[in-house]
Amino acid sequence: MFSRWLSRLCRGLSTPTRRTTQLIWSSASRRLVLSSQRRIPELSSFVARTNTCGELRSSHLGQEVTLCGWIQFRRQNIFLVLRDFHGLVQVVIPQDESAASVKKILCEAPMESVVQVSGTVISRPPGQENPKMPTGEIEIKVKTAKLLNSCKKLPFEIKDFMKKTEALRLQYRYLDLRSVQMQYNLRLRSQMVMKMREYLCNLHGFVDVETPTLFKRTPGGAKEFVIPSREPGKFYSLPQSPQQFKQLLMVGGLDRYFQVARCYRDEGSRPDRQPEFTQIDIEMSFVDQTGIQSLIEGLLQYSWPSDKDPVVVPFPSMPFAEALASYGTDKPDTRFGMKIVDISDMFRNTEVGFLQDALSKPQGTVKAICIHKGAKYLKRKDIESIRKFAADHFNEEVLPIFLKTNENWNSPVAKFIMEEQGLGLVRLLETQEEDVVLLTAGEHKRACSLMGKLRLECADLLEARGVVLRDPALFSFLWVVDFPLFLPKEENPQELESAHHPFTAPHPSDIHLLYTEPLKVRSQHYDLVLNGNEIGGGSIRIHNSELQHYVLATVLKEDVKLLSHLLQALDYGAPPHGGIALGLDRLMCLVTGAPSIRDVIAFPKSFRGHDLMSNAPDSIPPEELKPYHIQVSWPTDAETEKSSSNHPCHSES
């Protein structure tokens, strides 16, 4: 019965009925674009224009057209430039008496007023062509004009080269969206998402499912937004991801799930994070890590913009331990070298005090990075800034060693090290005359993390002096794998927390360690990194109820009652499954080269989570709070002052 129904459904999806066919053909006169094979979209269907401003060329000469757009520029009351989302076109304002009303409209309308013009496409006079404009060979000889809406004085000009504070841009976001760059960013985002849908749903049979926004509190992970309900003392939470729902969809037999998902995290003031964000959310049944990685590589290759260099697959892969040891981070930027090198063995018998002290402790190491031509480009104040950063943020000593050039800058300790191990450093780090070596000593993870920060800081300093290290046109993808399953909690190292989330499956080779040495267990968690930014993360999930219960209750000490529905579902024949989520905002920020993720989101929040345009969040009258059985507890002056001190920067940018 089910198989017959499914086959009928599939036939219905692939073959239109006679009634459907009749509807399609009868709608052809309305210029509906129904063919999936049609590549050129109808940009002027259904509206009061015949063409867009940016599409007209010499091939349109002699055609009667109607255009709608904004007045961007006017010159000598003879020409004006009309702009719409598609581009610019020059309009000739009629000068004869018979067209006085048209001239009045076009000459008196303020800049950024919206007008509709009708006229003929003509060639520009010889020598007046503008090769910088795609429409630079033609202009419009206007016959009629209509003022659709006049524009008041703007808070800033709609020009990309005009400097505007980000606070002003966010306050008048609807004006900022008119800029060429914002139009490009949002339209490219739309195109990439559409290609992703096509790849997942049309080519690989994924099902687009919307999951609830009102949910319940989830243990672990990021802090969630709380939503009051009309039941006293009971609250919803906004999901930080559709994690549980997509796993439940696999239990429900959907097999392949996909969603452009809205997610929410109450992370407070983070400079380049958003309280609400979008991810490409994916889950599959009967899949392993290799299958997910291949899917994502194909997805990005298929949806990648045509104006960028094509994506080369497969992406390289690197274990977490190697990423930490060589780059000092779990999201390494592999566009440039300057790798961290362990030089501990060179100093086992050293007489240098701080090196001796570090190596005598458990996990003690000596690490170094080589800054190519650092003596040429770095100044003394740069070196002092680096040392101060290490002392302030890591409480660690960083020793700069100049090889030959500027070697008089070396401290007595550095001079001693050069005398003791100079040849060894040159050989191990492959240094050259103008290079600078930065050396530190301490516990392995801490020393690696410090050197990873300094590696990026040095790259910033070198690039500020004109050295090209990170090619902005290069997109360097990397899979980071074999993460630890658990980490000690910062506030209480005796307790454990999930490195990814509590539903991540342990590595099959390490399951036996789960019950004896959980900190040694690797996970089936994988991150996708692009140019030093994490743009995706996922894992193979635990599909066994007993194992999931053990991880939650025994290892993580979480309240399993909060997840009783998921544990119960895993008991009812849950298939093996795994998935991933790509951060769409971060991905688009990197693809477009935007300075902030706020530049690829139509209506973003400020870094404090405020909407400067509408002044959200806003207060609510007490009578409107009564149905939710809550009231506001206003902070004291001392609490307000403490809160302000946690935000020393009062700018909303």
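None of the values given here were measured: they were computed from a predicted structure. (Residues numbered from 1 in each chain as written. Predicted model: local features only at pLDDT ≥ 70, side-chain atom pairs only at ≥ 80, totals over all residues. Heavy atoms only, no water.)

### What to know about the overall build of the protein
Then step 1. Regarding its fold elements, the protein presents 19 helices and 21 strands.
Then step 2. Considering only C-alpha atoms, the protein reaches an extent of 95 × 75 × 55 Å along its principal axes.
Then step 3. For the protein, the proportion of its 653 residues judged to be buried stands at 44%.
Then step 4. For the protein, contacts bridging at least 24 residues in sequence account for 68% of all contacts bridging at least 6.
Then step 5. A total of about 35,500 Å² of accessible surface is found on the protein, and carbon and sulfur atoms cover 53% of it.
Then step 6. Positive and negative side-chain charges in the protein, numbering 79 and 78 respectively, have mean positions lying 7 Å apart. (Helix = DSSP H or I, 4+ residues; strand = E, 2+ residues; numbered from the N terminus. Buried < 20%, exposed > 50% of the residue type's maximum accessible area, 1.4 Å probe, protein only. Contact = heavy atoms within 4.5 Å. Areas by Shrake-Rupley, 256 points an atom, 1.4 Å probe, with all protein chains shown as cover. Lys, Arg positive; Asp, Glu negative; His and termini not counted. Charge placed at Lys NZ, Arg CZ, Asp CG, Glu CD.)

### Focus on helix H14 (residues 444-464)
Then step 1. Look at H14: 30 Å from first C-alpha to last across 21 residues, which is about the 30 Å you get at 1.5 Å a residue.
Then step 2. Contact partners of the buried residues in H14: helix H9 (320-327), strand E13 (364-371), helix H11 (374-377), helix H12 (380-394), strand E14 (398-402) and strand E15 (436-443). (Expected span 1.5 Å × (residues − 1).)

### Here's the deal with the sheet that holds strand E6 (residues 207-208)
Then step 1. Ordered in space as E6-E9-E10-E21-E20-E19-E16-E11, the eight strands form an open sheet in which the pairing is mixed. Edge strands, defined here as strands with exactly one partner in the open sheet, are E6 and strand E11 (317-319).
Then step 2. With four bridges joining them, strand E16 (residues 477-481) and strand E19 (residues 525-530) adopt antiparallel strand pairing. By the bridge assignment, Leu478 is partnered in E19 with Val529.
Then step 3. The strands touched by helix H8 (residues 289-303) within the sheet are strand E10 (276-285), E16, E19, strand E20 (533-540) and strand E21 (577-583), with E21 carrying the most contacts at an inclination of about 35 degrees.
Then step 4. Running at roughly 85 degrees to E11, H9 makes contact with E11 and E16 of the sheet. (Pairing = 2+ DSSP bridges. Axes fitted to C-alpha atoms, helices over the stretch in contact; angles between N-to-C directions.)

### As for H12
Then step 1. Over its 15 residues, H12 runs 21 Å from end to end, which matches the ideal 21 Å to within 8%, given 1.5 Å per residue.
Then step 2. By the burial criterion, the buried members of H12 are Asp382, Ile383, Ile386, Ala390 and Phe394. Around the axis of H12, the buried residues are gathered within 105 degrees of arc, so they sit on the same side. Those residues of H12 that are exposed and aimed more than 90 degrees away from the buried face are Lys381, Lys388 and Asp392.
Then step 3. Those residues of H12 that are buried are in contact with H11, E14, E15 and H14.
Then step 4. Asn395 occupies a position one or two residues after H12 and carries a positive phi of about 55 degrees. (Arc of directions from axis to C-beta.)

### Considering the environment of Thr165
Then step 1. By the secondary structure assignment, Thr165 is in the loop between strand E5 (138-149) and helix H4 (166-171).
Then step 2. Placed 342 residues apart in sequence, Thr165 and His507 show a C-alpha to C-alpha distance of 49 Å.

### A look at the nonpolar core
Then step 1. Of all hydrophobic cores here, the largest spans 53 residues; its most connected members are Ile282, Ile296, Leu300, Phe477, Leu528 and Leu587.
Then step 2. Excluding anything up to four places from it in sequence, Leu528 contacts Ile296, Leu300, Phe315, Phe477, Leu478, Trp479, Asn533, Glu534, Ile535, Gly536 and Leu582. (Core = buried A, V, L, I, M, F, W, Y, C linked by side-chain atoms within 4.5 Å.)

### Focus: the side chain of Asn410
Then step 1. When you line up the elements, Asn410 lands in the loop between E14 and helix H13 (412-429).
Then step 2. Looking at Asn410, its side chain comes within polar contact range of the main-chain nitrogen of Phe402, at 2.7 Å.
Then step 3. In contact with Asn410, other than residues within four places in its own chain, are Pro400, Ile401, Phe402, Lys415 and Met418. (Polar contact = N/O pair within 3.5 Å; in protein donor to acceptor, adjacent residues only side chain to side chain.)

### Considerations on the packing of aromatic side chains
Then step 1. Tallied over the entire structure, the rule returns eleven aromatic pairs.
Then step 2. Consider the rings of Trp304 and Phe475, whose centres lie 5.0 Å apart with planes at 85 degrees: the pair is edge-to-face. Residue Trp304 is located in the loop between H8 and E11, and its partner Phe475 is located in the loop between H14 and E16; the two are separated by 171 residues in the primary sequence.
Then step 3. Members of the aromatic cluster, connected to one another through ring pairs, are Trp304, Phe315, Phe475 and Phe477.
Then step 4. A cation sits over an aromatic face here: Lys195 above Tyr302, 4.3 Å from the ring centre.
Then step 5. Looking at Arg230, its charged tip hangs above the ring of Tyr628, at a distance of 5.4 Å from the centre. (Phe/Tyr/Trp six-rings, centres within 6.5 Å; stacked < 30°, edge-to-face > 60°. Lys NZ or Arg CZ within 6 Å of the ring centre and 35° of its normal.)

### Here we look at the sheet that holds E15
The strands that make up a sheet pair up through hydrogen bonds in the backbone, lying either parallel or antiparallel.
Then step 1. Spatial strand order, E12-E13-E15-E14: four strands in an open sheet with antiparallel pairing. Single-partner strands in this sheet number two, and they are strand E12 (341-342) and E14.
Then step 2. With two bridges joining them, E12 and E13 adopt antiparallel strand pairing. Each bridged residue has a counterpart across the sheet, and for Val341 the counterpart in E13 is Ala368.
Then step 3. Contacting E13, E14 and E15, H14 runs over the sheet at an angle of about 155 degrees to E15.

### A closer look at the packing of helix H6 (residues 180-204) against H8
Then step 1. Running from amino to carboxyl end, H6 crosses H8 at an angle of 130 degrees, the nearest separation of the two axes being 8 Å. One way to sum up the angle between H6 and H8 is to call them oblique. Crossing handedness for the pair H6 and H8: right-handed. Contact residues: H6 offers Met192, Lys195, Met196, Glu198, Tyr199, Leu200 and Leu203, while H8 offers Leu295, Gly298, Leu299, Leu300, Tyr302 and Ser303.
Then step 2. Its residues assigned to classes, the contact of H6 with H8 shows nine nonpolar, two polar and two charged. (Parallel < 35°, antiparallel > 145°, perpendicular 65-115°, else oblique. Left-handed = near helix turned anticlockwise from the far one by under 90°. Nonpolar A, V, L, I, M, F, W, Y, C, P; charged D, E, K, R; others polar.)

### Considerations on a nonpolar patch on the surface
Then step 1. Together, Tyr174, Phe603 and Met613 give the surface a local cluster of nonpolar side chains, amounting to about 300 Å² of exposed area.
Then step 2. Examined against the element boundaries, Tyr174 turns out to sit in helix H5 (residues 173-176).
Then step 3. In this structure Tyr174 comes out as partly exposed when scored by relative accessible area, which is 44%. (Patch = residues over 30% accessible without salt bridge, like charges linked within 9 Å, V, L, I, M, F, W, Y side chains within 5 Å. Salt bridge = Lys/Arg side-chain N within 4 Å of Asp/Glu carboxyl O.)

### Some remarks on the environment of Pro576
Then step 1. Turning to its location among the elements, Pro576 is positioned in the loop between helix H16 (564-570) and E21.
Then step 2. Along the chain, Pro576 and Gln247 lie 329 residues apart, while their C-alpha atoms are 9.9 Å from each other.
Then step 3. Beyond its immediate sequence surroundings of up to four residues, Pro576 is in contact with Met284, Ser285, Phe286, Val287 and His543.

### Some points on unusual backbone geometry
With glycine set apart, most residues show a phi of negative sign, and most peptide bonds adopt trans.
Then step 1. With an omega of 0 degrees, the peptide bond between Val313 and Pro314 qualifies as cis.
Then step 2. Following the sequence through the fold, Pro314 ends up in the loop between H8 and E11.
Then step 3. With an omega dihedral of 0 degrees, the bond running from Ala616 to Pro617 counts as a cis peptide bond.
Then step 4. Despite not being glycine, Gln76 has its phi angle at roughly 55 degrees, a positive value.
Then step 5. Here the phi dihedral of Asn395 falls at roughly 55 degrees; this positive angle occurs in a residue that is not glycine.
Then step 6. Note on placement: Asn395 falls in the loop between H12 and E14.
Then step 7. On the basis of relative accessibility, which here comes to 67%, the residue Asn395 falls in the exposed class.

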